[in-house]
Structure formats: C-alpha cells, structure tokens
Amino acid sequence: MQVFFQTIVGGLSIGAIYALVAMGFSLVYRTMGLVNFAHGNVVMIGAYVASTFYMTTQLPFAVSMVIAIVVTGLIGVVIEWVLRPLENRDFDLMLIGTIGFGIVLEALATIIWGATGRAVPSPVPAEPLNLLGIRVRTYNLVVLGIAAVAMILLMLFLQRTKRGSAMQAVAMDYEAATAVGIHVGRSNAIAFAIGAGLAALAGGLVGPLLYVSPAMGGTLGIKGFAAAILGGFGSIPGAIVGGLAIGLLDGFAAGQFQGYSEVVVFLVFTALIMIRPTGIFGERTVNRA
Amino acid sequence: MHSLRNPRRSAAVGVAAVLTLLFGACSAPGASEKAADTPADAAAVSGSDQAGSASPGSTDPIKIAVVDAQSGQLSSLGAWESKGAKLAVDEWNKAGGVNGRQIQLDVFDDQGDPTVGTNIAKKIASEGYIAMIGTSESAVTLAMAPVLAEEKIPNITSGQSPALAELKTSFLFLNGPTSVTYDESLAKHIVDEKGIKKIAMISNNGGYGKGEHDAFLAALSARGVTPVADQVVTMEQKDFSAALTKIREANPDLIFIGSEEVEAGLIVKQARDLGITVPFAGAAPQGTPVYIDTAGAKNVEGTIVSSPYLSNETSDASKKFAEAYKAAYNETAELHGAKAYDGTNIFLTAMKTSNGATGKALADAVRATKYNGLLGDFAFDESGVGIFATSIGVIKDGKLVAAS
C-alpha cells in the first residue's frame, strides 16, 4: 500500500512539471495552431537563467524565477518575430523553424554554461512531511501550488480580459479576427511570450528537483508534449490533467515494468490517443491548423 | 490562404517532428554530425591530411583524435576526458613532442550515440588520424571498434563494460579496469570485510548500468548472497518513488547503485527524502563531484566507492597531475580526466618507443608498454585491459577518501 501511495505522490510531483510544460505547448497551439518544438529547450534556458541568478548572484529563488520568466518571455517574442514572415505562408516551415530554434538554444546553452550542467540546491530545504509513512517533499507541494495558480491565472487572462478574448478570437478564426481589427501578429507574440514564460516557470522549478544541463529539454519537452496531447491539445485545464496523468502513468509503469517502463508509457499513451483522438478536454474550436 | 493551412499536411509534419524529437532525445545523428564536424573539420583541413601515413622521419604533426560526448546527457564525462587527454598532449608538445614531431589533438563529439560514433570512426580513418582516445560510453566504443580494427587505428577507451574486453581486437585498449574488477573489489569489501549481506540493488537499463548490474550480481552470487531487492530503472526516468519505496520495504543495510553520475545522484536525493538512511555503494560515478552535487553532500555521506583513482592526494604523481589540471582548467581533477591522461600518455609513450609507428605496429607497441600511471601499473593483456585492481573509498564530508 505504501508503494502505491508513494508512487502517486512521486508521479504527481513530476506530473506538475509536465503540466506546466504542457500549458506552454497548448497556449501557443490554441492561438497559432502551431506546435512549438523549441519549447523543451526554452524550459532548459529557463532553468539555466533561474539557477544562474539563484546560485551565483545569490538572489532569492522567487526573484530569480521572475527574471528567468522575463528573459525567456523575450526569447519567445524573438522566436515569434523570426517566424512571423512565414505566418499564413508556409506552415510546415514554421514547424521546422521551431525545431531549428530548439537546436540553436541547446547549442547556445552549451556555449554559455558549458556541457557539464549543474545541480541546484533546493530553496525549500525543510524535511519531507511524513503522513503515515508516505513522505511528501514540501518543495513538491510548492510546485503543485504554483502549477494550480498558473493555470487559474492563465484561464482568467484568456476568459476575462480583452486581450485574452482577442487571443481566443484569433484562435477560433484568425481571418475574422483580423477583419474586426485584432492584431494577429501581436496576439501570436503574446502567446509565444506567455508560453515561454511558462516554460521558464517549469524549468526554474524543476532545477532543484533534477539536474540542469543543456540536454534536459529533451525528456521534459517530449513528456510535456505528450501531456498536452493527452489532455486535449489547446486546452489549458487539459494540460494540467494531462501532465498529472503522464506523471502518474510514468510512476506506475516504472514500478511495474522497470526497465521497459518508457515503452509501456508511450504504448498506453498511443492507445489512449487512438481511443480518444481529441484528448480528455479536446476542443474543436481551437483546431485551427 | 486557407489551403496553405492544410490540416492533414501539417498534422503529418507534426507527427514526423515528434518522431524526430523522440529519437532525437537519445540520438540526433543529423544535427549532431554538424556539431561534431565544425571544429574538427577546420582543423583537419588546415592540417596535413596525410600526416598519419607519414614516414618516421617526417616532421608533420602526429594526428590523434579524441572522441567522446561533448553534448548530451553524458557530456560532463566527455568534457573531463578531453581535458585529461589535452593536458597530456600539451605536456608532451611543450617537451618537444614525440621524436621531434608535435601532436595535433582534435576533439570529435559522439553525443553518446553509437551511430554518430561509427560515422566519426570512418571520418578519422579517412582523415589520417593514427590513434584515438575514446569515450567512456561503452555502447559507442563497441559500435566503433569493428571500424577502427578494420582501419587499423589503435584506440584506448574510457569505457569499462566487460563486453569491451570480450571483443579481443588487437586495436582496442582500456584505460581502466572493467566493471568486473570494480564490482568484485566492491563485493569483497562489503560482504567479506564488512559482513553486510542485506543488500538492495538499483541500476539502469543502459549499457553501463546493465554491465554494473550483471557484474555486481555475479560477485554477490559467488559469495552466496542474494539481493533483497533488484530494481531496474530507465535512463530517462526522473521519479524513482516506486523503485525506492520497494527497496525501503525490503529494509536493506546497503544499496548498490549501477547508474551514471546524475541519475545516481537523483536516486540518492529521492531516497533520502523517502526516509531511506542506509549508505549507498557503487563504482566510479559514485565518487565524482557531479554525483555529490546532484544528491547533495549530506545525502551521499558514507557512500562506498570502488575506484582506481580515489583522490588527487594519493600519490606524488596524482598531486602533480591535479596541480597541472587545476592550472590549465581551473577545475579540480577527477577520475575520468586521470584515465584519459593515463591513456593518452601510454599511447604517446608507445609512439615514442616505436619511433612513430602506426597501425598494427603501434598497437603492438602499446601492448608492450609498461606504464606507471595515476591509476596504477598498466600491463596490457590480450583483451586490451591494463589495470586489474581498484581501491575502496568512502565519501566523508563531501570528499572521497580511502576506506579505513
């Protein structure tokens, strides 16, 4: 029984990170119909920027996170700016462009911070809570809380603000949105910036849990992408549910199938997607691509 | 305009891109080659392309290739290895080179990927490199070995998989002991000397982890000990709750880790969070600063390590090496750099004694070389292994020291 509950705790902890990564994927997708394949690498940049300010300039963790979110948000704007001439012209090239950006970011990180990577000390060094033999790291509770708050803020932004509604409109029909005077390019840039900011949030938070290295974007990106698909690509609550689901699936597969867990996770994922291609919260309105 | 947003087409590209990423996570041959090409290419073009086949009296530089992971998850190892090799070459060059010829050392990035490694093997053969200082990723070395044997390029690898020794090609050498030696020494210390019999194992399913798992399990079996838990994890895994909780339930007195630096560090960190207090044990990766930093110094206290290079303080030679390493890179030297340094020195010594021989003659010269290195006294056997002993160390106050 302890194994069962401990696996749930572990799965949810890493799942919260996947959820944050998935939210960034989904936001860009619902606005532009584009999968940003550089997203995993933006997560890595976020992790590096946050840990650099946290460790070398001794800034508080929260401040370092804010700096990381701003820096990567700017990177998001740059990516969108470079890709903008392709918008409405060649969609496939845009996709490949994001892959190219991912490779560039990884190479840049290797040049700036070296290939070795770094370990980040936990900003919440308290002992894990012990609930009837189930141990819960306080830091993981912080991560789960931040993921929940980020989701709520993003939902509020998209549904309650004018800018957010405009982005929704672009997502649904960009020609009509242009016709009523919405600046599609700006809307896309904001989506990219927020998406990159979410990536930095995920990266910064995952730093103390894992190990920060130029290659860390790979696994996080793939799992986050899978989470977004599973939750319903483009759906923000779906990203959260999908992230937690992938985390749990990961945890239980690891317990049951050991060395073959990765294969099992993606087989189950494939089966789920075949049964329900739109994911858990699939919305047809945002399927713009 | 709408026709340009063909949903099927972009979906297809999307799927293709996902596949690329999926495989790219562990290997991206296309992209990687580019990374590997640039620096080395430039060097190769500027240098003479026939240096390798030059006659002994030639004054052209001797071309040696360093092949290891300069990017990807195992790049910290690659960085240490190429630094160790470069340090040895710089010292020789400063002292006048090998028989008056300077040594040209070029670094190639294999990304820890066997496919990329094989391509590089062909590349260095065609560009006249006469020897290779190889990677610690045994899977890559295994993939490269047939090509290098065919092209008659002697190479010395930092890998330690027993499968390397079983190849018995006359061109492959190991700059350290194999997993069998590491784990036999470790089991001897833990079971025979310490009397610990309740042992749990956790290892990954990669080339290194599998080798460690098999070697340690064999060493335990030989002593009539059965592990109380035997958990296997993947190399991509980030959360080890399930495996560690099972180990916690088995209540072992010691946990053996067969995994690389970073993952082993994460395992220990999460184990401590789960309330596991018993010490860990493992081979070379568990003695490195990356392992200690990833897990946190407090968490790795008491880790038992089997390593041929316990610290920079063991001997005068290691002190001198550590000083030179620190001066060159402003970093503390460790095992992987020392191994590459030893291996490179052995090759350069063989080139000197054989008066600039290449191919089979150089391989024979290497085999005949008796070298007193940082890891111990090298004397190569048929299988290319030159060291057959490791020492046991313990991590105390965040530092690896010899076990009492």
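Scoring rules and cut-offs
Residues numbered from 1 in each chain as written. Chains lettered and ligands numbered in written order. Predicted model: local features only at pLDDT ≥ 70, side-chain atom pairs only at ≥ 80, totals over all residues. Heavy atoms only, no water. Helix = DSSP H or I, 4+ residues; strand = E, 2+ residues; numbered from the N terminus. Rg over C-alpha atoms; globule rule 2.2 N^0.38 Å. Buried < 20%, exposed > 50% of the residue type's maximum accessible area, 1.4 Å probe, protein only. Contact = heavy atoms within 4.5 Å. Buried area = accessible area lost by both parts, 1.4 Å probe. Salt bridge = Lys/Arg side-chain N within 4 Å of Asp/Glu carboxyl O. Polar contact = N/O pair within 3.5 Å; in protein donor to acceptor, adjacent residues only side chain to side chain. Pairing = 2+ DSSP bridges. Axes fitted to C-alpha atoms, helices over the stretch in contact; angles between N-to-C directions.

A tally of helices and strands in chain A yields eleven helices and four strands. Rg of the C-alpha trace for chain A: 19 Å, near the compact-globule value of 19 Å for 289 residues, within the 12% margin. Out of the 289 residues in chain A, the part that is buried amounts to 56%. Restricting to contacts in chain A with at least 6 residues of sequence separation, those with at least 24 account for 78%.

This next bit is on the interface of chain A and chain B. Often, the extent of an interface is quoted as the loss of accessible area upon association of its parts. The interface is formed by 47 residues belonging to chain A together with 48 residues belonging to chain B. Taken together, the two surfaces of chain A and chain B that pack against each other cover about 4200 Å², and 59% of this comes from carbon and sulfur. Measuring nitrogen to oxygen at the nearest pair gives 2.9 Å for the salt bridge that ties aspartate 273 of chain B to arginine 137 of chain A. Across the chain A-chain B interface, the total number found is eleven residue pairs in polar contact (both at pLDDT 80 or more). Only α1 (2-32), α4 (91-113), α7 (174-179), α9 (217-231), α10 (236-257) and α11 (261-275) of chain A provide two or more residues apiece to the side of chain A that touches chain B. Counting residues per element, the side of chain A that touches chain B draws most heavily on α1 of chain A, which supplies nine residues.

Another point: the sheet that holds strand β5 (residues 172-174) of chain B. All names here are of chain B. Reading across the sheet, the five strands line up as β2-β1-β3-β4-β5 and stay open at both edges, with parallel pairing between neighbours. The sheet is open, and its two edges are formed by β2 (103-109) and β5, each paired on a single side. Neighbour-to-neighbour, the strand axes of the sheet open up by a mean angle of 25°, direction not taken into account. In terms of strand pairing, strand β1 (residues 62-68) meets β2 through seven bridges, oriented parallel. Paired with valine 66 across the strands is valine 107, a residue of β2.

Quick look at the pairing of strand β10 (residues 304-307) of chain B now. Residue and element names in this part refer to chain B. Side chains Ile304 and Ser306 of β10 all project onto a buried face; the interleaved residues Val305 and Ser307 project onto the opposite face, where all are buried too. Both strand β9 (residues 280-282) and β10 contribute to a ladder of two bridges, which runs parallel. Of the residues in β10, the one forming a bridge with alanine 281 is isoleucine 304. In this structure, β10 lies alongside strand β13 (residues 391-396), joined through four bridges in antiparallel fashion. Following the sheet pairing, valine 305 is matched in β13 by glycine 393.

Residues and elements named next belong to chain B. Pairing is mixed in the open sheet, where seven strands are placed in the order β7-β6-β8-β9-β10-β13-β14. This sheet does not close on itself; its edge strands, each paired only once, are β7 (229-233) and β14 (399-402). Averaged over neighbouring strand pairs, the angle between their axes works out to 25° when direction is ignored. By the bridge criterion, five bridges tie strand β6 (residues 199-204) to β7 in an arrangement that is parallel. When the sheet's bridge partners are listed, serine 203 is paired in β7 with valine 232. Set on the sheet, helix α8 (residues 207-222) makes contact with β6, β7 and β8 (254-258); between it and β6 the angle comes to about 155°.

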